[in-house]
Amino acid sequence: MADEPTADTPRVAVLGGGVMGETLLSALLTAGWGAEQVEVTERYAPRAGELADRYGVRTGALNADAAARADVVLLAVKPNVVASVLDEIKDSLGDGELVVSVAAGLPIATYEKRLAAGQPVVRVMPNTPAVVGKGASAIAAGTHATQEHLALVERMLGATGLVVRVEEKDLDAVTAISGSGPAYAFYLIDAMAEAGVLLGLTRDLATKLAVATVEGSAALAAQSGDHPAVLRERVSSPGGTTVAAVQVLDAHGVRAGIVAAAEAARDRSRELGKQY
């Protein structure tokens, strides 16, 4: 592989070597970046060594140095430390160097206020299934980010799953649906498995059936293109078991509960965005 970056594979610094940082690192390598074109900062030395050994990338502890060597900086740190990291790297960023953040809740204005005038920023809302390449990420452009920047971020995240472009005003809603959504799915899987146990199945079998059923249903919904209500009706024979079950779900307000949960997640996302 080439030692120098190309227009398609600019040098990237991933700041933060946690689960999401490693997910982004793996996605970059899958998307065609060479190990010599990616650097990861991680202050916990054993973890930094683990990433270096596993992926063959350069690792270090100094964010400013990594940012100075990069063409793109990926912030994969917790929201409460974003401000301090931006202060560390702002003088090391080159003119037009793209800053991409996966920190939840923080508005783009937070980044643009702390960085040099004209610095392009793209905000990303990923979710945890990105770790297995089945994620759903939404990206939003800052004031100075171009369509080319967005296209680059799409390529960088392509191996993590679905990537969609949205306006920043929609990211709190995205957080409520796809960001927090895996927890809703896990909640449902757990409830289905618990029901199986109550009905006499072993917990292992009930869990396997619940996981496979949710996974298969999601795949069918994705591939068929039909509205979920149409797919549900196809399973619901008149007077059958599924109709009886869905009636109970409606009676217990499950649909209303999911909507209320999403609204609560959206509101909390807005609150978190004001804290830092």
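Anything mentioned here points back to the structure above.
Each chain has its residues counted from 1, following the order in which its sequence is written. A pLDDT threshold of at least 70 governs which residues receive local features in this predicted model, and a stricter bar of 80 or more applies before side-chain atom pairs are shown or counted, although totals over entire chains, interfaces and linings include all residues. Each side-chain value is derived from all of the structure's non-hydrogen atoms; neither hydrogens nor water enter the calculation.

Participant: Would you take a moment to explain the overall build of the protein for this structure?
Facilitator: Put simply, DSSP H or I for four residues or longer makes a helix, DSSP E for two residues or longer makes a strand, and each gets a number counted from the N terminus. A tally of regular secondary structure across the protein gives twelve helices and eight strands. Of all 276 residues assigned to the protein, the portion counted as buried reaches 36%. Contacts are assigned to residue pairs with any non-hydrogen atoms lying within 4.5 Å of each other. The contacts in the protein between residues at least 6 apart in sequence include a share of 63% that link residues at least 24 apart. Within the protein, one finds 24 positive and 33 negative side-chain charges whose respective centroids are separated by 5 Å. For each residue, the accessible area found with a 1.4 Å probe, counting protein chains only, is set against the maximum for its type, and the residue is called buried under 20%, exposed over 50%, and partly exposed in between. The charge count includes Lys and Arg as positive and Asp and Glu as negative, but it does not include His or the ends of the chains. Think of each charge as sitting on NZ of Lys, CZ of Arg, CG of Asp or CD of Glu.

Participant: Whenever I open this one, the sheet that holds strand β2 (residues 38-41) confuses me. Can you help?
Facilitator: Sheet strands pair via backbone hydrogen bonds, and the direction of the pair is either parallel or antiparallel. As summarised here, the arrangement of the eight strands in space is β3-β2-β1-β4-β5-β6-β7-β8, forming an open sheet in which the pairing is mixed. Each edge of the open sheet is held by one strand with a lone partner, namely β3 (58-60) and β8 (161-165). With strand direction ignored, the average angle separating the axes of adjacent strands in the sheet is 20°. Pairing of strand β4 (residues 72-75) with strand β5 (residues 98-101), which is carried by four bridges, proceeds in the parallel orientation. Within the sheet, the bridge partner assigned to Val72 lies in β5 and is Leu98. One bridge is not enough; two strands pair if DSSP finds at least two bridges between them. Helix axes are fitted only over the stretch in contact, all axes being lines through C-alpha atoms; the angle between N-to-C directions runs from 0 to 180 degrees.

Participant: Any chance you could explain the side chain of Gln119 here in plain terms?
Facilitator: Position of Gln119 among the secondary structure elements: in the loop between α5 (108-114) and β6 (121-125). The class for Gln119 is buried, based on a relative accessible area of 5%. A polar contact of 2.8 Å, which involves the side chain of Gln119, links it to the backbone oxygen of Glu97. Excluding anything up to four places from it in sequence, Gln119 contacts Leu93, Gly94, Gly96, Glu97, Val99 and His144. Here a polar contact means two N or O atoms within 3.5 Å. Within protein one must be a hydrogen donor candidate and the other an acceptor candidate, and residues neighboring in sequence count only if both atoms are side-chain atoms.

Participant: Just to check I follow, could you spell out the environment of Asp170 for this structure?
Facilitator: Residue position: Asp170 is located in the loop between β8 and α7 (171-179). Assessed through its relative accessible area of 31%, Asp170 is described here as partly exposed. Distance in space between the C-alpha atoms of Asp170 and Ala229 is 25 Å, their sequence separation being 59 residues.

Participant: Sorry if this is basic, but what is going on with the environment of Pro129 here?
Facilitator: With respect to the element layout, Pro129 can be found in the loop between β6 and β7 (135-141). By relative accessible area, Pro129 is classed as partly exposed at 21%. C-alpha of Pro129 to C-alpha of Ala221: the two residues are 92 residues apart in sequence and 17 Å apart in space. Excluding residues that lie within four positions of it along the chain, Pro129 makes contacts with Lys134, Gly135, Thr160 and Pro182.

Participant: So what exactly am I meant to see when it comes to a nonpolar patch on the surface here?
Facilitator: On the surface, Val19, Val131 and Val132 cluster together into a nonpolar patch covering about 300 Å² of accessible area. Position of Val132 relative to the elements: it lies in the loop between β6 and β7. For patch detection, residues must exceed 30% relative accessible area and be free of salt bridges, and they are connected within 9 Å for like charges or within 5 Å for nonpolar side chains (Val, Leu, Ile, Met, Phe, Trp, Tyr). Using a 1.4 Å probe, accessible areas were evaluated by the Shrake-Rupley method; residue-level cover was limited to the displayed protein chains. In what follows, salt bridge is the name for a side-chain nitrogen of Lys or Arg lying within 4 Å of a carboxyl oxygen of Asp or Glu.

Participant: What is the right way to read helix α9 (residues 203-224) from this model?
Facilitator: Working note: α-helix, 3.6 residues per turn, so residues spaced by three or four point in the same direction. Here the expected length of a helix is defined as 1.5 Å per residue gap, with one fewer gap than residues. Here α9 contains 22 residues, and its C-alpha end-to-end distance of 31 Å stays within 8% of the 32 Å for a straight helix at 1.5 Å per residue. Looking one or two places after α9, you find Gly225, whose phi comes out positive at around 80°.

Participant: Would you mind showing me how to read the pairing of β6 here?
Facilitator: Strand residues, when the strand is regular, have side chains that alternate between the two faces of the sheet. Most of β6 is tucked away, with five of its five residues classed as buried. The side-chain alternation of β6 yields two buried faces, one formed by Val121, Arg123 and Met125 and the other by Val122 and Val124. Of the pairings in the sheet, the one linking β5 to β6 comprises three bridges and is parallel in character. For Val100, the partnering residue across the bridge sits in β6 and is Val122. Where β6 meets β7, four bridges bridge the pair, whose relative direction is antiparallel. Bridge pairing in β7 places Val124 opposite Ile139.

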